[in-house]
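# Reading the structure
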Amino acid sequence: MAKIVLTGGGTAGHVTANLALIPGLKERKHKLFYIGSEKGIEKELAEKAGLPYYGIATGKFRRYFSLQNFTDPFKVIAGFFQARKFLKKEKINLVFSKGGFVAVPVVYAAASLGIPVICHESDMTPGLANKLTIPFAKKICCNFPETLNYLPKKKAVFTGAPIREELLQGSREKGLERAGFSGEKEVLLIIGGSMGSQAVNQVIRKNLDQLLEDWDILHVCGKGNAEESLKNRAGYQQYEYVHEELADYYQAADCVISRAGANVICELLALEKPNLLIPLPKGASRGDQILNAESFQKQGYSLVLSQEEADFSKLYTLLKELKENKAKFQEAMRNSKEKNGRENVLQLIDSFL
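As a starting point, this report considers the structure included with it. (Residues numbered from 1 in each chain as written. Predicted model: local features only at pLDDT ≥ 70, side-chain atom pairs only at ≥ 80, totals over all residues. Heavy atoms only, no water.)

## Looking at helix H1 (residues 13-27)
Residue Leu21 marks the point of greatest curvature in H1, where the axis turns by about 30 degrees; the proline Pro23 follows within four residues. Within H1, burial applies to Val15, Thr16, Ala17, Asn18, Leu19, Ala20, Leu21, Ile22, Gly24 and Leu25. Buried residues along H1 sit in contact with strand E1 (3-7), strand E2 (31-37), helix H2 (41-48), strand E4 (94-97), helix H10 (262-271) and helix H14 (342-350). Immediately downstream of H1, the backbone of Lys29 shows phi near 70 degrees, a positive value. (Bend = angle between axes of the 7 residues up to and from the residue. Helix = DSSP H or I, 4+ residues; strand = E, 2+ residues; numbered from the N terminus. Buried < 20%, exposed > 50% of the residue type's maximum accessible area, 1.4 Å probe, protein only. Contact = heavy atoms within 4.5 Å.)

## Section: the sheet that holds strand E9 (residues 215-220)
The strand order across the open sheet built from six strands is E10-E9-E8-E11-E12-E13, with neighbouring strands paired in parallel fashion. Because the sheet does not close on itself, it has two edges, and the strands there are strand E10 (236-239) and strand E13 (302-304). The mean inter-strand angle of the sheet, taken between neighbouring strand axes irrespective of direction, is 20 degrees. As paired elements, strand E12 (residues 275-277) and E13 share three bridges and run parallel to each other. Across the sheet, Asn275 pairs through a bridge with Ser302, a residue of E13. (Pairing = 2+ DSSP bridges. Axes fitted to C-alpha atoms, helices over the stretch in contact; angles between N-to-C directions.)

## Some points on the nonpolar core
Within the largest apolar cluster, 61 residues are counted, with the highest numbers of intra-cluster contacts made by Ile217, Tyr250, Ile257, Leu276 and Leu315. Filtering out sequence-adjacent residues up to four positions away, Ile257 remains in contact with Leu188, Leu189, Ile190, Ile191, Val200, Ile204, Leu276, Ile278, Leu315 and Leu319. Within the second largest apolar cluster, 24 residues are counted, among which are Phe80, Ile115, Cys119 and Leu151. (Core = buried A, V, L, I, M, F, W, Y, C linked by side-chain atoms within 4.5 Å.)

## Here we look at unusual backbone geometry
Although it is not a glycine, Lys29 adopts a positive phi angle of roughly 70 degrees. Tracing the sequence through the fold places Lys29 in the loop between H1 and E2. A relative accessible area of 61% means that Lys29 is categorised as exposed. Phi at Lys91 takes a positive value of approximately 55 degrees, unusual for a residue other than glycine. Among the secondary structure elements, Lys91 is positioned in the loop between helix H3 (72-90) and E4.

## A word on the sheet that holds E2
Strand order in the open sheet formed by seven strands is E3-E2-E1-E4-E5-E6-E7, and the pairing between neighbours is parallel. If you trace the sheet from one side to the other, it starts and ends with strand E3 (53-56) and strand E7 (156-158), each paired once. On average, each strand axis in the sheet is inclined to that of its neighbour by 25 degrees, with strand direction left out of account. Strand direction decides the pairing type here: E4 and strand E5 (residues 117-121), joined by three bridges, are parallel. When the bridges of E5 are listed, Val95 appears paired with Val117. Across the sheet, helix H4 (residues 103-112) touches E1, E2, E3, E4 and E5, and the angle it forms with E4 is around 155 degrees.

## As for the pairing of E1
When you tally the buried positions in E1, you get four out of five residues, the bulk of the element. Between E1 and its parallel partner E2, the chain crosses via H1, and the hand of that crossover is right-handed. In the sheet, E1 pairs with E4 via four bridges, with the strands oriented parallel. By the bridge assignment, Thr7 is partnered in E4 with Ser97. (Right-handed = clockwise from strand over helix to strand, strands pointing away.)

## What about the packing of aromatic side chains?
How two aromatic rings sit relative to each other is given by the distance of their centres and the angle of their planes. Taken as a whole, this structure holds nine aromatic pairs when the rule is applied. Residues Phe144 and Phe296 carry aromatic rings whose centres are separated by 5.9 Å and whose planes lie at 70 degrees to one another, so their mutual orientation is edge-to-face. In this pair, Phe144 is assigned in the loop between strand E6 (139-142) and E7 and Phe296 in helix H11 (residues 288-298), connecting sequence segments 152 residues apart. Its relative accessible area of 0% is what places Phe144 among the buried residues. Judged by relative accessible area, Phe296 falls into the buried class, the value being 1%. Ring geometry for Phe296 against Tyr301: centres 5.1 Å apart, planes inclined by 85 degrees, an arrangement best described as edge-to-face. Considered together, Phe296 and Tyr301 belong to a single accessibility category, that of buried residues. Among the aromatic residues, those joined into a ring-pair cluster are Phe33, Tyr54 and Phe86. (Phe/Tyr/Trp six-rings, centres within 6.5 Å; stacked < 30°, edge-to-face > 60°.)

See the structure below:
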């Protein structure tokens, strides 16, 4: 039995890979802990998974000017000492970092104590937080083969994405029943990420009448984005966020519209769900979702529509293409070598214990 700390946070995407590893690590009789920010989304998700949670101070590293750039380094320093104290007290054997700014002080603290660190990079190119921690990691896992070009050769390992086992065990019948759908129409699942997507939400809702002629719609619209006037609309179900229902909704879905966050698109790949990706634009991100989407499009897994061009006419045309060519997309995903990387990551962890 080893003691392992999982860390990462800021968005649900920085937590889901950690959650996917929990059953396998528990089967190996390891004792698990989670270190995250004091109030981040990771706290809720880790505690829901039954992990002892330790919150630390954390600051964000920004590429732009902000007065917080002068105060946040002190938060990172405080988080470093808080994490170091915890790691030393609990005699932790290994830290697995999914990234996000909360992970930086944890990785630094582990390295200062000689505790091995394994990082995981979901996106095509490393984010700033992972760039800061890579020098202190023993190995860096990645989801895309192209990512190997951006990582130190001796540290990089192409594992694919750890996918939660429960996501692969959903029921179409339960999904349709939960949503109140008859199953007579094909089901379109729309996922805007943990915070939702106003741009996607708007184009869907403005053209709901036409979409409902062809589809029953499951719409995960993001926290605070539910539209009261649409709550009783036949054939349309909206959710601010979904937890255990997601596995059933994935199985119920015939096609998916999604952002291009690495975790969700790797889930779509593992489930062989034909999808239309609308990546977060560069103005609202560092452009990682655009690269993710381009990779999946190139490999024949996805269609892609930029947010700037996401008017209904183009979206409807691509949805029609997706619907008519479902078998082609499913075959490409079925033959993929990038499917569920959970066992690959678990075996890598085993090699350090």
